[in-house]
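Next come the chains, spelled out residue by residue.
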Amino acid sequence: MPALTLAEIADKIGGEVVGDGNLIITGTAEIDKAADGEITFLANSKYRPYLDNSQASAVIIDGQTSDPPAIPHIVTKDAYFAFLQTFMLYYEPVRILPIGIHPSAVIEESAVIGKDAAIGANVYIGPNVRIGDRCQIFPNCVILNDCEIGDDCLFYPLVSIRERCRIGDRAIIHNGAVIGSDGFGFAPYQGKFHKIPQVGVVVIGDDVEIGANVTIDRATMGETVVKSGVKLDNLVHLAHNVVVGENSVFAGQAGVAGSGRIGKNVMVGGQVAIVGHLTVGDGVRIAGKSGITKSIPDGETVYGVPARPIGRAKRIEAAMANLPEMQKRIRALEKKLEKLGEE
Amino acid sequence: MPALTLAEIADKIGGEVVGDGNLIITGTAEIDKAADGEITFLANSKYRPYLDNSQASAVIIDGQTSDPPAIPHIVTKDAYFAFLQTFMLYYEPVRILPIGIHPSAVIEESAVIGKDAAIGANVYIGPNVRIGDRCQIFPNCVILNDCEIGDDCLFYPLVSIRERCRIGDRAIIHNGAVIGSDGFGFAPYQGKFHKIPQVGVVVIGDDVEIGANVTIDRATMGETVVKSGVKLDNLVHLAHNVVVGENSVFAGQAGVAGSGRIGKNVMVGGQVAIVGHLTVGDGVRIAGKSGITKSIPDGETVYGVPARPIGRAKRIEAAMANLPEMQKRIRALEKKLEKLGEE
Amino acid sequence: MPALTLAEIADKIGGEVVGDGNLIITGTAEIDKAADGEITFLANSKYRPYLDNSQASAVIIDGQTSDPPAIPHIVTKDAYFAFLQTFMLYYEPVRILPIGIHPSAVIEESAVIGKDAAIGANVYIGPNVRIGDRCQIFPNCVILNDCEIGDDCLFYPLVSIRERCRIGDRAIIHNGAVIGSDGFGFAPYQGKFHKIPQVGVVVIGDDVEIGANVTIDRATMGETVVKSGVKLDNLVHLAHNVVVGENSVFAGQAGVAGSGRIGKNVMVGGQVAIVGHLTVGDGVRIAGKSGITKSIPDGETVYGVPARPIGRAKRIEAAMANLPEMQKRIRALEKKLEKLGEE
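Residues numbered from 1 in each chain as written. Chains lettered and ligands numbered in written order. Predicted model: local features only at pLDDT ≥ 70, side-chain atom pairs only at ≥ 80, totals over all residues. Heavy atoms only, no water.

> Quick rundown of the overall build of chain A? Include the residues and the values.
Across its full length, chain A carries five helices and 40 strands. Taking 20 Å as the expected radius of gyration for a compact globule of 343 residues, we find that chain A reaches 27 Å, considerably beyond that expectation. By the burial criterion, 57% of the 343 residues in chain A qualify as buried. In chain A, the share of contacts with a sequence separation of at least 24, taken over all contacts with a separation of at least 6, comes to 18%. Carbon and sulfur atoms provide 51% of the accessible area of chain A, an area that totals close to 13700 Å². Between the mean site of the 33 positive side-chain charges and the mean site of the 40 negative ones, chain A shows a separation of 11 Å. (Helix = DSSP H or I, 4+ residues; strand = E, 2+ residues; numbered from the N terminus. Rg over C-alpha atoms; globule rule 2.2 N^0.38 Å. Buried < 20%, exposed > 50% of the residue type's maximum accessible area, 1.4 Å probe, protein only. Contact = heavy atoms within 4.5 Å. Areas by Shrake-Rupley, 256 points an atom, 1.4 Å probe, with all protein chains shown as cover. Lys, Arg positive; Asp, Glu negative; His and termini not counted. Charge placed at Lys NZ, Arg CZ, Asp CG, Glu CD.)

> Would you mind going over the interface of chain B and chain C in detail, with residue names and values included?
Put simply, an interface is often sized by how much accessible area is lost when its parts join up. Opposite the 65 residues of chain B that make contact, chain C presents 55 residues. A combined buried area of about 4900 Å² lies between chain B and chain C, and 68% of that area is made up of carbon and sulfur atoms. On the surface where chain B and chain C come into contact, there are three salt bridges. Put simply, Glu209(C) and Lys195(B) hold a salt bridge, and the shortest N to O gap is 2.8 Å. Applying the counting rule to chain B against chain C returns 20 residue pairs in polar contact (both at pLDDT 80 or more). Within the residue set of the side of chain B that touches chain C, elements represented by two or more residues are β21 (178-181), β22 (186-189), β23 (192-195), β26 (215-217), α4 (310-320) and α5 (323-342) of chain B. With eight residues, α5(B) is the largest single contributor of residues to the side of chain B that touches chain C. For the side of chain B that touches chain C, the per-class residue count stands at 35 nonpolar, 18 polar and 12 charged. (Buried area = accessible area lost by both parts, 1.4 Å probe. Salt bridge = Lys/Arg side-chain N within 4 Å of Asp/Glu carboxyl O. Polar contact = N/O pair within 3.5 Å; in protein donor to acceptor, adjacent residues only side chain to side chain. Nonpolar A, V, L, I, M, F, W, Y, C, P; charged D, E, K, R; others polar.)

> How would you explain the pairing of strand β24 (residues 201-204) of chain A if you had to name every residue and give the values?
Residue and element names in this part refer to chain A. With burial as the criterion, each face of β24 is covered, one bearing Val201 and Val203 and the other bearing Val202 and Ile204. The pairing of strand β19 (residues 166-167) with β24 spans two bridges and is parallel. The partner of Arg166 across the bridge, within β24, is Val203. Looking at chain direction, β24 and strand β27 (residues 223-226) are connected through four bridges and run parallel. Looking at the pairing, Val201 lines up with Glu223 of β27. (Pairing = 2+ DSSP bridges.)

> So what about the domain arrangement of chain A? Which residues, and what values?
You can read the domains of chain A as domain 1 (4-90), domain 2 (100-312) and domain 3 (315-342). Spacing between the C-alpha centres of domain 2 of chain A and domain 3 of chain A amounts to 50 Å. (Domains from an automatic or database assignment.)

> Hey, could you go over the sheet that holds strand β17 (residues 154-155) of chain B for me, with residue numbers and the actual values?
An order of β8-β11-β14-β17-β20-β25-β28-β31-β34-β37-β39-β40 (chain B) is seen for the 12 strands of this open sheet, with the pairing classed as mixed. At either margin of the open sheet sits one strand with a lone partner, and together these are β8 (100-101) and β40 (308-309) of chain B.

> I'd like a description of the relation of the copies chain B and chain C, backed by residues and values.
Structural alignment of chain B on chain C gives an RMSD of 0.0 Å, achieved by rotating through 120 degrees and translating 0.0 Å along the axis. The two molecules are tied by a three-fold rotation axis, judged by turn and shift. (Least-squares fit on C-alpha atoms with pLDDT ≥ 70 in both.)

> Before we move on, can you summarise the side chain of Asn213(C) with the specific residues and values?
Relative to the helices and strands, Asn213(C) is located in the loop between β25 (209-210) and β26 (215-217). The class for Asn213(C) is buried, based on a relative accessible area of 1%. Not counting the four nearest positions on each side in its chain, Asn213(C) is found in contact with Asn213(A), Leu235(A), Gly176(B), Val178(B), Asn213(B), Val214(B), Thr215(B), Asn175(C), Gly176(C), Ala177(C) and Leu235(C).

> Help me get a handle on the packing of aromatic side chains, residues and values and all.
Inspection of every chain in the model, using the stated rule, returns 21 aromatic pairs over all chains. Measuring from ring centre to ring centre gives 3.7 Å for Phe81(A) and Tyr189(C), while their planes differ by 5 degrees; the resulting arrangement is stacked. On the criterion of chain membership, the pair formed by Phe81(A) in helix α3 (residues 79-90) and Tyr189(C) in strand β22 (residues 186-189) is interchain, its members lying in two chains. With a relative accessible area of 24%, Tyr189(C) lands in the partly exposed category. Aromatic rings pair up to connect Phe41(A), Tyr80(A) and Phe83(A) into one cluster. When the ring centre of Tyr156(C) is taken as reference, the NZ or CZ atom of Arg162(B) above it lies at 3.7 Å. (Phe/Tyr/Trp six-rings, centres within 6.5 Å; stacked < 30°, edge-to-face > 60°. Lys NZ or Arg CZ within 6 Å of the ring centre and 35° of its normal.)

> Which residues make up unusual backbone geometry, and what values go with them?
Of note, the bond from Val305(B) into Pro306(B) is cis; its omega dihedral lies within 30 degrees of zero at -5 degrees. The residue Pro306(B) is located in the loop between β39 (301-303) and β40 in this model. Of note in the backbone geometry, Asp207(C) takes a positive phi value of approximately 60 degrees without being a glycine. According to the relative accessible area criterion, Asp207(C) is partly exposed, its value standing at 31%. Located in the positive-phi region is Leu235(C), a residue other than glycine, with phi close to 65 degrees.

> Tell me about the sheet that holds strand β16 (residues 148-149) of chain A, and name the residues and values.
For sheets, the rule is that strands pair by backbone hydrogen bonds, running either parallel or antiparallel. All names here are of chain A. Strands sit in the order β10-β13-β16-β19-β24-β27-β30-β33-β36 across an open sheet of nine strands; the sheet is parallel. Since the sheet does not close on itself, it has two edges, and those belong to β10 (112-113) and β36 (279-280), each with one partner. Strand direction decides the pairing type here: strand β30 (residues 243-244) and strand β33 (residues 261-262), joined by two bridges, are parallel. Bridged to Val244 within β33 is Ile262.

> Quick one: what's the story with the packing of helix α1 (residues 6-13) of chain A against α3(A), residue by residue and with numbers?
Residue and element names in this part refer to chain A. At their nearest, the axes of α1 and α3 sit 10 Å apart, and the two run at 115 degrees to each other. Here α1 runs over α3; the crossing is right-handed. Residues Ile9, Lys12 and Ile13 of α1 lie in contact with α3, whose contacting residues are Ala82, Gln85, Thr86, Leu89 and Tyr90. Residues of the contact of α1 with α3, tallied by class, amount to five nonpolar, two polar and one charged. (Axes fitted to C-alpha atoms, helices over the stretch in contact; angles between N-to-C directions. Left-handed = near helix turned anticlockwise from the far one by under 90°.)

> Which residues make up a positive patch on the surface, and what values do they have?
Taken together, Lys33(A), Lys227(C), Arg261(C) and Lys264(C) make up a surface patch of like positive charges. Summarising the element assignment, Lys33(A) is placed in the loop between β4 (27-28) and β5 (38-42). Residue Lys33(A) is classed as exposed on the basis of its relative accessible area of 57%. (Patch = residues over 30% accessible without salt bridge, like charges linked within 9 Å, V, L, I, M, F, W, Y side chains within 5 Å.)

> Can you explain the environment of Ile25(C)? Please cite residues and give values.
Residue and element names in this part refer to chain C. By the element assignment, Ile25 lies in strand β3 (residues 24-25). Along the sequence, Ile25 and Cys153 sit 128 residues apart, while their C-alpha atoms lie 32 Å from each other. Look past the residues within four positions of Ile25 in its chain and what remains in contact with it is Pro2, Ala3, Leu4, Leu6, Ile9, Gly37, Glu38, Ile39, Ala58 and Tyr90.

> Kindly report on the pattern of salt bridges, identifying the contributing residues and their values.
Scanning all chains against the criterion turns up 42 salt bridges over all chains. Residue Arg166(C) is joined to Glu223(C) by a salt bridge in which the shortest nitrogen-to-oxygen separation is 3.1 Å. Of the two residues, Arg166(C) sits in strand β19 (residues 166-167) while Glu223(C) sits in strand β27 (residues 223-226), which places them 57 residues apart along the sequence. Between Glu334(C) and Arg331(C) there is a salt bridge, and its shortest N-O distance comes to 3.0 Å. Highlighted residues: Glu334(C) and Arg331(C), both in helix α5 (residues 323-342), separated by three residues, approximately one helical turn. Its relative accessible area of 16% is what places Glu334(C) among the buried residues. Members of the salt-bridge network, linked through shared partners, are Arg162(A), Glu163(A), Asp182(A), Lys195(A), Arg218(A) and Glu209(B).

> Give me the lowdown on the interface of chain A and chain B, citing residues and values where you can.
Contacts between chain A and chain B engage 65 residues on the former and 56 residues on the latter. Buried surface at the junction of chain A and chain B, summed over both partners, amounts to about 4900 Å²; 68% is from carbon and sulfur atoms. Our enumeration of links across chain A and chain B arrives at three salt bridges. We note a salt bridge from Arg329(A) to Glu334(B), for which the minimum N-O separation is 2.8 Å. At the junction of chain A with chain B, the criterion picks out 20 residue pairs in polar contact (both at pLDDT 80 or more). Top contributing element to the side of chain A that touches chain B by residue count: helix α5 (residues 323-342) of chain A, with eight residues. Along the lines of polarity and charge, the residues of the side of chain A that touches chain B split into 35 nonpolar, 18 polar and 12 charged.

> If you had to explain helix α4 (residues 310-320) of chain A to someone new, which residues and values would you point to?
Every buried residue belonging to α4(A) is among Ala313(A), Ile316(A), Glu317(A), Ala319(A) and Met320(A), and all of these are buried. Projection of α4(A) onto a plane perpendicular to its axis shows the buried side chains occupying an angular sector of 160 degrees, all on one side. (Arc of directions from axis to C-beta.)

> Which residues make up the side chain of Glu317(C), and what values go with them?
Its location among the elements puts Glu317(C) in helix α4 (residues 310-320). In this structure Glu317(C) touches Pro306(B), Arg308(B) and Tyr303(C), once residues within four positions along its chain are discounted.

Encoded structure:
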């Protein structure tokens, strides 16, 4: 690990030093775990009291921090993000897969592997697949024919990608994720379900991260689309013909049914279900476990089954907590009124 | 792609031509995407207005279509299914896996592979396994000992099947699906859980489709059964000793706990949970995100947590939307009555 | 299968024979399936009537059984657990994987494989991995560098474990489970999500069972911990930095968000979601489909979205069932009162 001075860090993360810029900083740590020589951060005034007991030698704060700390600090616009940048200065990712193709990997002759790519043991890469430069494909992944994978992608073990799918640059796909499985499409006829061929593909943009055991179905016709910057947590399910806009984020075990259109900058909570053919607007936030049964306009925050604007949903939830008493009060009113009627 | 005349299509799908039977049809497309030369369909009168602006050269309708179109058409009993049949006339599935056994596959000597089967790279097939004719087993699948797989099955990459399970003809199993994992059975004793050996198997009928990363546990004793024609979407979970009747359909992320009995022709929505040991009758429909805590008689449609007949559930849901106002109205009534009492 | 006398069984399971101890018992079966020569059990008085029609030659009961059976029996402290122990006397687990390393497995030179371990076809084991004695690693599993696996572990096909994770003795991990995938951590900055490196690990205790296609994320920093005796059903998701205490049990498709602290002896129902950073106390029980939005004290049983103590939750649920009528009763009260006011 490198040692940097406080001034060097401030220079790299675009902040201003207050105190001794020549202080040697040996690493980063959270406020309650930092040791002598380390730098920490304060992004939330709630944690201000921790600072006085912290062993950290310096701290990153943002302009909004009232009561600036006694120890040397760096003032930034966004203390948390600046800390993350600082962390990255000390972070040296360990290269696990050696560059080159493991002799046990099976690569069809017509596949093209980019330069400095690493292909692990027992990987299968089908005909006409193109793998970009510097990709790392871990052991036992399977990429079927005619897929196009961009540069600098990282596929962990046992990822599988069906034929003809396209993935942009810098994708990170975690173990067991499935891209391009058939959409769930059947025509009911005379009591049986007849398979509708799923001839479309999945198209994934740049800088997408896909969690472990996620499933993304190919389109019935056309494309299932996951745009650039999208992040999907583990066990998320995207059905055929779904479109997810730029920089949207799905927490674990959420699912979108067929042909759902999810806008950009959307945040979807864990175990949320979104019914098919709906539109979720840009910037929408959906609280965990919600069920989306109607399209949602841009910018809305919703919650519940069925989901409603969060303020309304919370009022309903609060009233629901009183339901047994409401029932008693109605009974009491009925009795009183009966009595009044008898008088 | 073949070119067929309208009369040839009508003949193959069992419909009646109205207009020029010699019209050459080059393909199929949806009503708003069809180009000149293509045939489309109209199954829902809601889409009738689209037809006037469609570039399609012909259309498949059913007998119930009022206001028959001006362009040549085929009258059928079920326009959607007839269209699907027409689509299949033009659809040529691409054969991906070459027939034969990839040299990197590991097949135990006692396994029997049917004729014209295709076994991909890095597949493992255990002792005494029988694989039917024309099966396609994609790379990195694992089939343990004594399994029996019918004819014409299609297992996508990374499917795994534990020992002694049996699968019928024409099964399609998607990437990462697991058949025959241990049931979740433990005996609590003195604060610890002691594993109950799961010695049963999974038995799957004909024409079953199983989605990506689905898990189907083997029976504790006896059989977990998935009958013919069942379709399971991605990430569905069937526990030990579950029985699913013919032609039932499960949407994504639904789950059935141990020993659940699901009838035939049942439709289960996404993220539904069915408690163990219950019986869900034939033809039942369960709306998405429902929680089934009681057995359900044949033919019922249910919704909610806990699930209730849909009409009742919808009335409860509608009343719930008014809960904050109900609470205010009760308060208002109490005040009025108090005032009346004071008078 | 061995044949044992009733007295021999009683001796091994610590019970007392009533009746002919020399009776030969050939196997075990459930009360309604037992045949002549077999022993069954009666743990729940509800099933007492079945005993009279059972073909079983003997039965295991516990001290609390009123109305002791006419046939020879063994009196124990816990009839069900004693039956399970008896079952194990007759159960001979079939060894599937032969001891040794399959020639197609890829084992990096610096890995250490314990004695009498079995490594299946197409397995990949990375540098510096240590696999304990008598482990069985089924085909196509992947274990990345620097992992430590204890003795007597059983990894079914297609299990994958990322670098540096540690697993105790006797773990059973089912097909497709993923241990050590990256935590879902991103810093939002200027409309994009920037990956926070996930440099921690997963640490799993002894006697843990992990279901098919489960995902357990590594810690952002430090450790995600699954303590000894924990059992996770299929498709469970544990996020980064979660800690699960000893002997806790999760049913299928449940999920815990980042940094959740789950106590020991906790029972989590199917499809439960637990919000991040909460503490669930020891011995807590969470009913299926609940959503946990607050920390829960030791010993509580909770249910609902949001989860509440079960008694209160059930009262709310009961009142909810009457909501449409409550609404009508309020309307009726309002009308009556209006009429009274007019008088």
